[in-house]
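Okay, here's what each chain looks like letter by letter:
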Amino acid sequence: MKQRVNWRQVFAEVGLLLVGALLALSADALWSDRQDRRAEAEYLESIRSDLEENAVALDFTESFYREVLVADSTVLAYARGSSDLSQDSIRRTTMRAFMMWPFRPSLGTYQDMVASGSLRLIQDPEIRMELVSFVEEVEVLQSTINVLFERWNTLEEPFIIAELPVTAIYDGYPRSVALDQLERLGSLSLAGDAGRVETVPRSQELANHIAMRMVLVYDVLISIGWLRDELVGLQDLLAGGRQP
């Protein structure tokens, strides 16, 4: 005699299996989400730390270029004949006027998140967008400063070595003169040819170089201002945004 299938029992067993599977999936998803939120919290804390380091670096870079701008203004006035400084003073000021400093940002956390695909862990889309915007502004500042370095390599360094006594000690040296070596010149004796008085010339060429440099330094300071706005905005967003 053919046995009857107890469909009620079959459906109950299948239902129990499905419920068990769903519970397992839910537990796994809950655990995974908890791990993601923990990673998000760690990343956000690292981003806050990076931003603090960037704020310090930005303050130093701004202070450096404002000092350079003051020196540029002084040398420009001298080159145009509207300022009377001692040669010792103008040599030191000219040295400062041609200095540069690269902005070295702290972007380790962001770069790690991009490389590992972890940027998605930040739930707040506004924070993600502001972080990307901040990094883009960092790249703008670095590009602006790079223009100064390129001008130094192609135009300013050859002019200084050929025309100005602040680098007379490097006669015969390779063209690639390190800035830390230039900085030492302020305390060195810069003797020229026998009987020749080493003076910084009041020339139109010097004025032109300094005037162009001032334009570029202004661009750097403007980029610093934009980057600072991005940095402060991101810090405020992280401080008041949604907590994981």
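For clarity, every value in this text was computed on a predicted model and none was experimentally measured.

What counts and what doesn't
Residues numbered from 1 in each chain as written. Predicted model: local features only at pLDDT ≥ 70, side-chain atom pairs only at ≥ 80, totals over all residues. Heavy atoms only, no water. Helix = DSSP H or I, 4+ residues; strand = E, 2+ residues; numbered from the N terminus. Buried < 20%, exposed > 50% of the residue type's maximum accessible area, 1.4 Å probe, protein only. Contact = heavy atoms within 4.5 Å. Areas by Shrake-Rupley, 256 points an atom, 1.4 Å probe, with all protein chains shown as cover. Arc of directions from axis to C-beta. Phe/Tyr/Trp six-rings, centres within 6.5 Å; stacked < 30°, edge-to-face > 60°. Lys NZ or Arg CZ within 6 Å of the ring centre and 35° of its normal. Core = buried A, V, L, I, M, F, W, Y, C linked by side-chain atoms within 4.5 Å. Salt bridge = Lys/Arg side-chain N within 4 Å of Asp/Glu carboxyl O.

Participant: Looking at this model, I keep getting lost on the overall build of the protein chain. Mind explaining?
Facilitator: Helix and strand counts for the protein chain come out as 6 helices and 0 strands. Put simply, the protein chain has 244 residues, and 37% of those count as buried. Considering only intrachain contacts with a sequence separation of at least 6, the fraction spanning at least 24 residues in the protein chain is 82%. For the protein chain, the computed accessible surface area is about 14,400 Å², with 55% contributed by carbon and sulfur atoms.

Participant: So what exactly am I meant to see when it comes to the environment of Ile224 here?
Facilitator: Looking at where Ile224 falls in the secondary structure, it is placed in helix α6 (residues 204-240). Residue classification places Ile224 among the buried residues on the basis of a relative accessible area of 0%. Here Ile224 is in contact with Leu58, Thr61, Glu62 and Leu141, once residues within four sequence places are set aside.

Participant: Any chance you could explain helix α3 (residues 108-116) here in plain terms?
Facilitator: Turn by turn, an α-helix covers 3.6 residues, leaving residues three or four places apart pointing in a common direction. All of the buried residues in α3 are Thr109, Tyr110 and Met113. Buried residues along α3 cover an arc of 100° about the axis, so they all sit on one side. Of the residues one or two after α3, Gly117 is the one with positive phi, at around 75°.

Participant: I would appreciate a short explanation of the packing of aromatic side chains in the present structure.
Facilitator: Applying the stated rule across the entire model yields 4 aromatic pairs. Ring geometry for Phe60 versus Trp101: centroids 5.2 Å apart, planes at 65°, classification edge-to-face. A residue pair is termed long-range when its members are at least 10 positions apart, and Phe60 in helix α1 (residues 7-79) and Trp101 in the loop between α2 (87-97) and α3 qualify at 41 residues. On the accessibility criterion, Phe60 (45% relative accessible area) is partly exposed. With a centroid separation of 5.2 Å and 80° between ring planes, the pair formed by Phe64 and Tyr65 is classed as edge-to-face. The pair formed by Phe64 and Tyr65 is uniform in burial state, with each residue classed as buried. One aromatic cluster in this structure is built from Phe60, Phe64, Tyr65 and Trp101. Over the ring of Trp101 we find Arg104, and its NZ or CZ is 5.3 Å from the ring centre. The ring of Tyr78 has Arg202 sitting right over it, with the charged end atom 4.1 Å from the ring centre.

Participant: Looking at this structure, how should I read the side chain of Thr93?
Facilitator: In this fold, Thr93 is placed in helix α2. Take Thr93: its relative accessible area is 17%, and that puts it in the buried class.

Participant: I tried to follow the nonpolar core on my own but got confused; where do I start?
Facilitator: Buried together is how nonpolar side chains tend to be arranged in soluble globular proteins. If you look at the biggest cluster of nonpolar residues, it comprises 55 residues, and the most contacted ones within it are Tyr65, Phe134 and Leu206. Put simply, the parts of the chain that give this core at least two residues each are α1, α2, α3, α4 (125-163) and α6. Per-element tally for this core: the top contributor is α1, with 15 residues. Once you skip the residues sitting within four places of it in the chain, Tyr65 turns out to touch Met100, Trp101, Ile145, Leu148, Val217, Val220 and Leu221.

Participant: What exactly am I supposed to notice about the pattern of salt bridges here?
Facilitator: Where charged atoms from two side chains of opposite charge come close, those side chains can pair. The tally for this structure, following the rule as stated, stands at 6 salt bridges. Overlapping salt bridges, with partners in common, bring together Asp59, Glu62, Arg66 and Arg228 in one network.

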